[in-house]
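Coordinate analysis (summary)
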Amino acid sequence: MKNKIIFVLLMSFGLLNILTSCFSMPEKAQPVNQFDVNRYLGTWYEIARFDYRFEKDLDNAMAQYSLNEDGSVNVMNSGYNFKKNKWVSVNGKAKFRGEKNIAALKVSFFWPFYAGYNVVALEDYKYALVAGKNLDYLWILSREKNIPENIKQRFINKAQEIGYDTSKLIWVKQDKESPFDK
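Report follows, based on the coordinates. (Residues numbered from 1 in each chain as written. Predicted model: local features only at pLDDT ≥ 70, side-chain atom pairs only at ≥ 80, totals over all residues. Heavy atoms only, no water.)

**Concerning the nonpolar core**
Tyr40, Tyr65, Tyr117, Val119 and Leu141 are the most contacted members of the largest nonpolar core, which totals 42 residues. If near-sequence neighbours (up to four positions away) are discounted, Val119 is found in contact with Gln30, Pro31, Val32, Phe35, Tyr40, Ala103, Ala128, Leu129 and Val130. (Core = buried A, V, L, I, M, F, W, Y, C linked by side-chain atoms within 4.5 Å. Buried < 20%, exposed > 50% of the residue type's maximum accessible area, 1.4 Å probe, protein only. Contact = heavy atoms within 4.5 Å.)

In structure tokens, the structure reads:
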């Protein structure tokens, strides 16, 4: 009986994971085509985001991406918690939801749960606009700790076209050297 319950729970989690990974992008969002994951790897600084529970009180946030042997992407997110006065980090794994040349991925920091990670705008692999699974998740990323005003405005306009309320963006302070920066 106990094994049957465990089996049903695992099947339910699996089905939930499949269903949520299929619908992991806002309706009007389109992932970047001709995406080259190798050019996307490396360090990205968070310029702006919506405020999420898991990034609450973080500034100097950044993400570092590297390729795993199985073709998935290792994700290390880090930032400085200014209320606790300490650096924090979390590791995760991202997988493509379909073709590897389409920037529609799912990422997990807490297996077996995945969330959408969709690059919807990309400028020369230096600046990226990333949409989450719905209109509650949005990031503006840069290879540098700042972003040119014209690209920032283009990304804001794109996010608004998708349906995001960009007035909710939090502009992330990038004023410290991270111990996680490679």
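**Some details on the pattern of salt bridges**
Summed over all chains, the structure comprises seven salt bridges. Across the pair Arg49 and Glu46 runs a salt bridge, and its minimum N-O distance is 2.5 Å. The pair formed by Arg49 and Glu46 is uniform in burial state, with each residue classed as buried. A salt bridge links Asp57 to Lys83, with the shortest nitrogen-to-oxygen separation between them at 3.8 Å. With Asp57 in the loop between β1 (42–49) and β2 (58–67) and Lys83 in the loop between β3 (73–81) and β4 (86–96), this pair connects stretches of sequence that are 26 residues apart. Assessed through its relative accessible area of 60%, Lys83 is described here as exposed. (Salt bridge = Lys/Arg side-chain N within 4 Å of Asp/Glu carboxyl O. Helix = DSSP H or I, 4+ residues; strand = E, 2+ residues; numbered from the N terminus.)

**Focus on the packing of aromatic side chains**
One pass over the full model with this rule turns up 13 aromatic pairs. Ring geometry for Phe50 versus Tyr164: centroids 5.7 Å apart, planes at 65 degrees, classification edge-to-face. Of this pair, Phe50 sits in the loop between β1 and β2 while Tyr164 is found in the loop between α3 (149–162) and β9 (170–171), placing the two residues 114 residues apart along the sequence. The pair formed by Phe50 and Tyr164 is uniform in burial state, with each residue classed as buried. Each ring, one from Tyr52 and one from Tyr137, has its centre 5.0 Å from the other, and the planes form 10 degrees; the classification is stacked. In this pair, Tyr52 sits in the loop between β1 and β2 while Tyr137 sits in the loop between β7 (127–131) and β8 (138–142), placing the two residues 85 residues apart along the sequence. Put simply, the rings of Phe35, Tyr40, Trp44, Tyr65, Phe96, Tyr117 and Tyr125 pair up and form one aromatic cluster. Seen from the ring of Phe50, Lys168 lies directly overhead, with NZ or CZ sitting 5.2 Å from the centre. (Phe/Tyr/Trp six-rings, centres within 6.5 Å; stacked < 30°, edge-to-face > 60°. Lys NZ or Arg CZ within 6 Å of the ring centre and 35° of its normal.)

**Side note on α3**
In this model, α3 (14 residues) spans 20 Å end to end at C-alpha, consistent with the 20 Å of a helix rising 1.5 Å per residue. Here α3 has its buried residues at Ile151, Phe155, Ile156, Ala159 and Ile162. Mapping the buried residues of α3 onto a view down its axis gives an arc of 140 degrees, with all of them on the same face. Tucked inside the fold, the buried residues of α3 contact β6 (113–123), β7, β8 and β9. Immediately downstream of α3, the backbone of Gly163 shows phi near 125 degrees, a positive value. (Expected span 1.5 Å × (residues − 1). Arc of directions from axis to C-beta.)

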